[in-house]
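A look at the structure
Below are the chains, spelled out letter by letter.
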Amino acid sequence: MKPRLLVMREIDHHFLDYLSNYFETDYQPSFSREQFLTSLESAQAILNYGIKIDEELIQHAPRLKLVSNISVGYDNFDIAAMKKAGIIGTHTPNVLNDCVVDLTFGLMLNTSRRISELASTIKRKKWIIKDDVNYYGLDVHHKKLGIIGLGRIGEELARRAKLGFSMDVSYYNRRKKSELENENILWKPLDQLLEESDFVVLLTPLTEETRNLMNASKFEKMKKTAIFINMSRGATVDEKALYNALKNHDIYAAASDVFVHEPINNDNPLLELDNFTATPHIGSATQETRNAMTKLAIENTIEVLINGKMQNVVPELQMLLK
Ligand code: NAP
C-alpha cells in the first residue's frame, strides 16, 4: 500500500500527478481545522509550508513519520517533540539562495534610494525636485555591508555585493569561515560589525539564541546613516526597538520581509514610518523558485520515506534515520 501524504498548500497539477506514483495524496490547500485534524489521523507524511509541528499536532497524528517543509527555515519544527515521537523533518536549502538575495538587494536599493517612497509621490501627481540634498537617498555601491548569519544565502549575498556593487563585505557568525578570507569576506565581532557597517543584513535562522538578537542596544551601536534589513524571521528583531530607532532617526532606514505576527497586524506602528519598507514574506516567492522548492520537498519525501536515504534531513533530527 502507498503511504498517505497530506499536501497542505496549493501546488501545480503536474506535481500532484507525479506524487500519485508514490503516495495516496490527500490534497487540502485550504482546509478547515476539522478536515485537517481528520486527515492527520491517517497521514504518514506532510508536505508542509509554515504549519507549526508541535506536541498538540503530533497528538493528532499517530502514524506521522515525516514532515517535508517547502522552506529552508524550520523554526516551525518543535525539535524536542518531533524527536520524542520519532518524526523526521526535511527542508529545502540552496534552491532559494539567489531568489532571497535578489529581494535583499531590492530592499537595500529601495530603502537607500527611497524608491517606493518617492515613486508614490508621482502617482499622487507630485513630481518633486528639491535643492536640499538631504531630501535624496544614499549610495549602495562601494559601501560597507555587514551580514549577521553568513550561511548559504549570506555567502551568495556577500559575493554578489562584492561583484555587482563593489561593496566591502564583513560578517558575524558564531564560527569564523577562514576559507572566505582569500575572497576578502572577513569575520568581525558583532559590535564592531554594527558600528562600522552602512548596511546590516540579518540572515540567521530563528532559534532561542537569535530571538530578539537585534534589540535596542544593537540598534544604538549602528551609524545614523546605516540601513537595517531583516530577511531572517520576524522574532529575531525586537520590533519595538526597531520602531524607536527609526522614529528617532538613530538609523537611516530599515526594511523587513518577515514579522513577529504574519500576516502583520494592520496597527503595527512600523507601517506608519516613511523610512521603513515592509514586504509580505516574499524572499523565496517567485514562480521559478517556489516550483524548485516544491520539487525538492517532493524529492526529499520520496528519498527519505520510501528509499530511507538521508536527503535534506535537518541536522537536529538526523539521528532518527541513522
Ligand atoms: P544557513 O546556511 O544555516 O545559515 C545561517 C547562518 O546563521 C549560519 O552561517 C550560522 O553560522 C549563522 N548563525 C546561526 N545562529 C547564529 C547566532 N546565534 N549568531 C550568529 N550567527 C548565527 O541558512 P540559510 O539557508 O542561509 O538561511 C538562513 C535563514 O534565512 C533561514 O533559517 C530562514 O530563517 C531565513 N530565510 C528567509 C526567507 C524569506 O523568505 N525571507 C527565505 C529563506 C530563508 P554559525 O552556526 O557559525 O553561527
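Quick caveat: nothing in here was measured; it's all calculated off a predicted structure. (Residues numbered from 1 in each chain as written. Predicted model: local features only at pLDDT ≥ 70, side-chain atom pairs only at ≥ 80, totals over all residues. Heavy atoms only, no water.)

Focus: unusual backbone geometry
Threshold: Strands here mean DSSP runs of E at least two residues long; helices mean DSSP runs of H or I at least four residues long; both are numbered from the N terminus.
Residues glutamate 262 and proline 263 are joined by a peptide bond in cis, for which omega reads -5°. Note on placement: proline 263 falls in the loop between β11 (253-256) and β12 (276-278). Of note in this structure, lysine 125 is not a glycine but carries a positive phi near 65°. Relative to the helices and strands, lysine 125 is located in the loop between α6 (115-123) and β6 (144-148). The phi dihedral of histidine 249 is positive, around 55°, even though this residue is not glycine. Secondary-structure assignment places histidine 249 in the loop between α10 (239-247) and β11.

Some points on the packing of helix α5 (residues 97-112) against helix α7 (residues 152-165)
Formally: The axes used here are C-alpha line fits, helices contributing only the stretch in contact, and every angle between their N-to-C directions lies in the interval 0 to 180 degrees. Reported orientations rely on four angle classes, namely roughly parallel under 35 degrees, roughly antiparallel over 145, roughly perpendicular from 65 to 115, and oblique for the rest. Less than a right angle of anticlockwise turn of the near helix away from the far helix marks a crossing as left-handed, whereas a clockwise turn marks it as right-handed. In what follows, residue pairs with any heavy atoms lying within 4.5 Å of each other are defined as contacts. All amino acids are sorted into three groups, where Ala, Val, Leu, Ile, Met, Phe, Trp, Tyr, Cys and Pro are nonpolar, Asp, Glu, Lys and Arg are charged, and the leftover types, Gly among them, are polar.
The contact between α5 and α7 brings their axes to 9 Å, and the two run at 55°. Here α5 is positioned oblique relative to α7, judged by the angle of their axes. Seen from above, α5 lies across α7 with right-handed handedness. Of α7, the residues touching α5 (which contributes Asn97, Asp98, Val100, Val101, Asp102, Thr104, Phe105 and Leu109) are Arg152, Ile153, Glu156, Leu157, Arg160, Ala161 and Phe165. Taken together, the residues of the contact of α5 with α7 sort by class into 8 nonpolar, 2 polar and 5 charged.

Topic: the nonpolar core
So the rule is basically this: Here the nonpolar core consists of buried residues drawn from Ala, Val, Leu, Ile, Met, Phe, Trp, Tyr and Cys, with membership extended through side-chain atoms lying within 4.5 Å. With a 1.4 Å probe rolled over the protein chains alone, any residue whose accessible area is under 20% of its type maximum counts as buried; one over 50% counts as exposed, and the rest are partly exposed.
Ranked by internal contacts, the top residues of the largest apolar core, which has 66 residues, are Leu19, Leu47, Met108 and Leu145. Here the element with the most residues in this core is α5; it accounts for 6 residues. Counting residues in hydrophobic clusters, the runner-up holds 24 residues, among them Leu193, Val237, Leu273 and Phe276.

Regarding empty space enclosed by the protein
Put simply, the rule is: Site definitions follow a grid-based scheme: protein atoms alone, a 1 Å grid, a 1.4 Å probe that fits but cannot get out for cavities, and for pockets an open set with protein on both sides within 12 Å along at least five of seven lines, plus lining residues having an atom within 4 Å of a point. Grid points are joined across faces, edges and corners, and a volume is the space filled by probe spheres set on the points.
Applying the stated rule across the entire model yields 1 cavity of 30 Å³ or more. Considered as a void within the structure, the largest cavity measures approximately 50 Å³ in volume. Lining the largest cavity, in full, are Phe228, Asn230, Gly234, Val237, Glu239, Leu242, Ser256, Val258, Phe259, Leu270 and Phe276. Breaking the lining of the largest cavity down by element, the ones donating at least two residues are β10 (227-230) and α10. Looking at side-chain class alone, the lining of the largest cavity contains 7 nonpolar, 3 polar and 1 charged residues.

The values are spatial; any link to function lies outside them.
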